[in-house]
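Residue-level structure breakdown
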Amino acid sequence: MVMFDAFIRFSGVGLLGLLAVYSARDLRNTRSAPYLFLASLSVMAAYVGFTIEPFRLPETLNMLVRFVDIPHLVFVWLFALSLFQRNFKLRWHHVAVGVIYSLPILATRFYQFEIAAWNPQPFVYTAEFFSVALMIHLIATTLLGRADDLLEGRRRARVYFVLIISFVAIAAALVEASDFRPPGMAFQTLWIATVWPGIAWTCFWILGAKPEVLSFSGTPPAKKTSQDDAELLARLETIMTSDEAFRSPDLKITTLAKKLAVTQHRLRALINQTLGYQNFNSFINDYRISAAKKAMQDPATNALPILTIAMDCGFNSISPFNRAFRESENMTPSQYRRSLKPSIPEIPQSGRLPRNQP
């Protein structure tokens, strides 16, 4: 079993090191790179520190490594969010979740290294609860965004990612919850063996993925438009502009594909490769924001609330409208509406205009 442990452990460390180097060198312009780098180093620390006796580091070094591996699941979570959540930005609540998750594990490390003498069980249960919560959130976020994702490679990766994460989570939970182990296998060996498939798949996928799959920013290479695609594009433009299909708040790519009598796969490829969109909502929202701007430019709508305009253009509520408008125009709808009003020169108290005013 020592040879098996050595193969799994050192191959895992090698793959994680490769991911760390690749993220720092080749993916540095993507928003996912920092989280992949930190996740790789933190999981590597777990592989090096949570080990059997033949591979045990000196006590002080082992303690340092075990503290480094504490937030590894947080970094995996952030990496998945940055990869699959279109509008992801690191915010205070992400940091708060990371701190809350890490504190009970930190407390158990204090107990393990005899820095503190408290009962570790409450901290262990708390850490397990937050681990499950992070996994559930990660899986839900990954799957919920799949319908609007226009990149087939990333759509497939979402499913594979969920499957591998679920496998690792379930296997690790079974290892933790039961005393079952193959004869002669240490708990540390079994743990790294359950995590290894996730590392191997991530390395295989990341190294083979196209750059645009790893980032929601940027435009994919333009595809030469065939005659069939040109005809489909013209019909799509007619439905979106003349028929104003975007005004339906429930418009999905499945509905649009049925209207056009084409497969979802072909429609996704057209919108992505010909028009340059990576997300279906972004494509629809461009029409909605354009219609909202046109409505606000009409003097007849000056008395209409912005919410009314937003809902008339296809938004379900004001929050997604504000978010989409800000992303498109770098200002809020209210600021845009105010910018349309003609500037009126200030009248001095004398009632006459300043000399430099006409």
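Conventions and cut-offs
All residue numbers here refer to positions counted from 1 along the written sequence of the relevant chain. In keeping with the model being predicted, local features are shown solely for residues with a pLDDT of at least 70 and side-chain atom pairs are shown and tallied solely at 80 or more, while totals for entire chains, interfaces and linings include all residues. No hydrogens and no water enter the side-chain calculation; it runs on all heavy atoms of the structure. Think of it this way: any DSSP run of H or I at least four residues long counts as a helix, any run of E at least two long counts as a strand, and we number them from the N terminus. With a 1.4 Å probe rolled over the protein chains alone, any residue whose accessible area is under 20% of its type maximum counts as buried; one over 50% counts as exposed, and the rest are partly exposed. By definition in these notes, contact holds between two residues if any of their heavy atoms fall within 4.5 Å. Aromatic rings from Phe, Tyr and Trp, with only the six-membered ring used for Trp, were paired whenever their centres fell within 6.5 Å, and each pair was classed as stacked if the ring planes differed by under 30 degrees, edge-to-face if by over 60, and tilted otherwise. Working rule: Lys NZ or Arg CZ, within 6 Å of ring centre, within 35 degrees of ring normal, means a charge sits over the ring. When a carboxyl oxygen of Asp or Glu is within 4 Å of a side-chain nitrogen of Lys or Arg, the pair counts as a salt bridge. Take the buried Ala, Val, Leu, Ile, Met, Phe, Trp, Tyr and Cys residues and link them wherever side-chain atoms come within 4.5 Å; each set so joined is a nonpolar core. Fitted lines through C-alpha atoms give the axes, limited to the stretch in contact for helices. The angle between two N-to-C directions lies from 0 to 180 degrees. Note on angle classes: values under 35 degrees are labelled roughly parallel, values over 145 roughly antiparallel, values of 65 to 115 roughly perpendicular, and the remainder oblique. Two helices that cross are described as forming a left-handed crossing if the nearer one is turned anticlockwise from the farther one by less than a right angle, and a right-handed crossing if clockwise. Only Asp, Glu, Lys and Arg are considered charged in this grouping, and only Ala, Val, Leu, Ile, Met, Phe, Trp, Tyr, Cys and Pro are considered nonpolar; every other residue, Gly among them, is considered polar. pLDDT runs from 0 to 100 and stands for how confident the predictor is about each residue. The directions considered for the arc run from the helix axis to the C-beta atoms. Take the number of residues in a helix, subtract one, and multiply by 1.5 Å to get its expected span. One fitted axis covers the seven residues ending at a residue, a second covers the seven starting there, and the bend at that residue is the angle between these axes. Residues enter a patch when their relative accessible area is above 30% and they make no salt bridge; the linking distance is 9 Å between like charges and 5 Å between nonpolar side chains (Val, Leu, Ile, Met, Phe, Trp, Tyr). Accessible surface area values rest on a Shrake-Rupley calculation with a 1.4 Å probe, where residue burial reflects the displayed protein chains alone. All tallies of charge rest on Lys and Arg as positive and Asp and Glu as negative; His and the ends of each chain are not included. To locate a charge, take NZ of a lysine, CZ of an arginine, CG of an aspartate or CD of a glutamate.

Attention now moves to the environment of Asn-87. Note on placement: Asn-87 falls in the loop between α4 (72-84) and α5 (92-112). According to the relative accessible area criterion, Asn-87 is partly exposed, its value standing at 34%. Linking Asn-87 and Arg-323, residues 236 residues apart in sequence, is a C-alpha distance of 9.7 Å. In contact with Asn-87, other than residues within four places in its own chain, are Arg-31 and Glu-327.

With that out of the way, let us pick up unusual backbone geometry. The phi angle at Glu-244 is positive, at roughly 50°, despite the residue not being glycine. Secondary-structure assignment places Glu-244 in the loop between α9 (227-241) and α10 (253-260). Located in the positive-phi region is Asn-330, a residue other than glycine, with phi close to 60°. Turning to its location among the elements, Asn-330 is positioned in the loop between α14 (318-329) and α15 (333-340). Of the residues examined, Asn-330 reaches a relative accessible area of 70% and is grouped as exposed.

Further remarks concern the packing of aromatic side chains. What characterises a pair of aromatic rings is the spacing of the ring centres plus the angle enclosed by the ring planes. As enumerated under the stated definition, the model contains 20 aromatic pairs in all. For the ring pair Phe-84 and Phe-161, a centre distance of 5.4 Å and an interplane angle of 70° mean the geometry is edge-to-face. On the criterion of sequence distance, the pair formed by Phe-84 in helix α4 and Phe-161 in helix α7 (residues 152-177) is long-range, its members being 77 residues apart. Classification of Phe-84 by relative accessible area gives buried; the value is 2%. With relative accessibility at 4%, the residue Phe-161 sits in the buried group. Through pairs of rings, three or more aromatic residues link up here, namely Phe-67, Phe-110, Phe-113, Trp-118 and Phe-123. Here Arg-288 stacks its cationic end above the ring of Phe-315, 5.7 Å away from the centre of that ring.

Assignment of secondary structure puts Asp-69 in the loop between α3 (59-68) and α4. Aside from chain neighbours lying at most four places away, what touches Asp-69 is Ser-42, Ala-45, Ala-46 and Arg-109.

Considering all chains together, one arrives at 14 salt bridges under this definition. The partner of Asp-149 in a salt bridge is Arg-158, with the nearest N and O atoms 3.1 Å apart. No difference in accessibility class separates Asp-149 from Arg-158, as the two residues are buried. Within this structure, Arg-66, Asp-69 and Arg-109 form a network of salt bridges that share partners.

With that out of the way, let us pick up the nonpolar core. Grouped together as the largest cluster of nonpolar side chains are 35 residues, with contacts concentrated most on Phe-161 and Ile-206. Looking at this core, the elements that each hand over two or more residues are α1 (2-25), α2 (33-49), α4, α5, α6 (121-144), α7 and α8 (187-208). Sorting elements by how many residues they give to this core places α4 first, with 11 residues. Ranked by size, the runner-up nonpolar core spans 34 residues in total, among them Leu-232, Leu-236, Leu-260 and Ile-284.

Running from N to C, helix α12 (residues 280-297) and α15 cross one another at 40°; their axes reach a closest spacing of 10 Å. By the criterion of interaxial angle, the relationship of α12 to α15 is oblique. Relative to α15, α12 is oriented so that their crossing is right-handed. Counting all contacts with α12, which are made through Lys-293, Met-296 and Gln-297, the residues of α15 involved are Pro-333, Tyr-336, Arg-337 and Leu-340. Class assignment of the residues belonging to the contact of α12 with α15 gives a composition of four nonpolar, one polar and two charged.

Any region with low pLDDT has predicted coordinates that should not be read closely. Per-residue confidence for the protein gives a mean pLDDT of 86; residues scoring 70 or more make up 87%. pLDDT under 50 marks residues 343-358. Its contacts with residues more than four places away, or in other chains, come to eight contacts.

This next bit is on α3. Within α3, the full set of buried residues consists of Asn-62, Val-65 and Arg-66. For α3, the angular spread of buried residues about the axis comes to 100°, placing them on one side. Among the exposed residues of α3, those oriented more than 90 degrees off its buried face are Thr-60 and Leu-64.

Attention now goes to the environment of Pro-71. Along the chain, Pro-71 turns up in the loop between α3 and α4. Taking relative accessible area as the criterion, Pro-71 reaches 18% and is therefore assigned buried. For the pair Pro-71 and Ser-102, spaced 31 residues apart in the sequence, the C-alpha separation amounts to 5.9 Å. Contacts of Pro-71, omitting those with residues within four sequence positions, involve Ser-42 and Ser-102.

The subject of this paragraph is α8. Helix length check: α8 (22 residues) gives 33 Å between terminal C-alpha atoms against 32 Å at 1.5 Å per residue, within 8%. At Val-195, α8 shows its maximal bend, which comes to roughly 30°, and the proline Pro-197 appears one to four places after that position.

The grouping of Lys-89, Arg-91, Arg-323 and Arg-326 at the surface amounts to a positive patch. Its place among the elements puts Arg-326 in helix α14.

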